[in-house]
Amino acid sequence: MEKDWVLVYESPNEVRVEIVRTVLEDSQIPVVLMDKKDSSYQFGSYQLYVNQQFITEATKIIKHDLEFE
């Protein structure tokens, strides 16, 4: 991955990561999803990256517009 991409969200829950990815993409923010989950032992996480130019907007959306219980 190129150096201009920054981690904005990480979770072991694939459904939550997909929700965040969809919301960011709907806001016209390009997102890269990295699956860091081990397929044999089921540990690890999913990570979402955005380009540095979108970091402020993406962080704002994740913190203020999304809420998981």
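For clarity, every value in this text was computed on a predicted model and none was experimentally measured. (Residues numbered from 1 in each chain as written. Predicted model: local features only at pLDDT ≥ 70, side-chain atom pairs only at ≥ 80, totals over all residues. Heavy atoms only, no water.)

Caption draft 1: Broad picture of the environment of E25. Assignment of secondary structure puts E25 in helix α1 (residues 14–26). In this structure E25 comes out as partly exposed when scored by relative accessible area, which is 35%. The sequence separation of E25 and V15 amounts to 10 residues, and the corresponding C-alpha distance is 15 Å. (Helix = DSSP H or I, 4+ residues; strand = E, 2+ residues; numbered from the N terminus. Buried < 20%, exposed > 50% of the residue type's maximum accessible area, 1.4 Å probe, protein only.)

Caption draft 2: Fine view of the nonpolar core. One finds V8, Y9, V20, L24, I29, L48 and V50 to be the most contacted residues of the largest nonpolar core, which totals 15 residues. Only β1 (5–11), α1, β3 (46–51) and α2 (55–65) provide two or more residues apiece to this core. (Core = buried A, V, L, I, M, F, W, Y, C linked by side-chain atoms within 4.5 Å.)

Caption draft 3: Representation of the pattern of salt bridges in the model. Inspection of the entire model under this criterion finds 2 salt bridges. In this structure, R21 and E25 form a salt bridge, with 3.8 Å as the shortest nitrogen-oxygen distance. A residue pair is termed a helical-turn pair when its members lie 3 or 4 positions apart in one helix, as R21 and E25 do in helix α1 at 4 residues. Salt bridges here are not isolated pairs; linked through shared partners, they connect E18, R21 and E25. (Salt bridge = Lys/Arg side-chain N within 4 Å of Asp/Glu carboxyl O.)

Caption draft 4: Up close: the environment of D4. Residue position: D4 is located in the segment before β1. A C-alpha to C-alpha distance of 9.6 Å links D4 and Y49, two positions 45 residues apart in sequence. When near neighbours in sequence (up to four residues on either side) are disregarded, D4 contacts V50, N51 and Q52. (Contact = heavy atoms within 4.5 Å.)

Caption draft 5: Seen up close, the side chain of S45. Looking at the element boundaries, S45 is found in the loop between β2 (31–35) and β3. We classify S45 as buried; its relative accessible area is 10%. Of the polar contacts made by the side chain of S45, one reaches the side chain of E10; its length is 2.6 Å. Residues contacting S45, with those up to four places away along its chain left out, are E10, S11, P12, M34, D35, K36 and K37. (Polar contact = N/O pair within 3.5 Å; in protein donor to acceptor, adjacent residues only side chain to side chain.)

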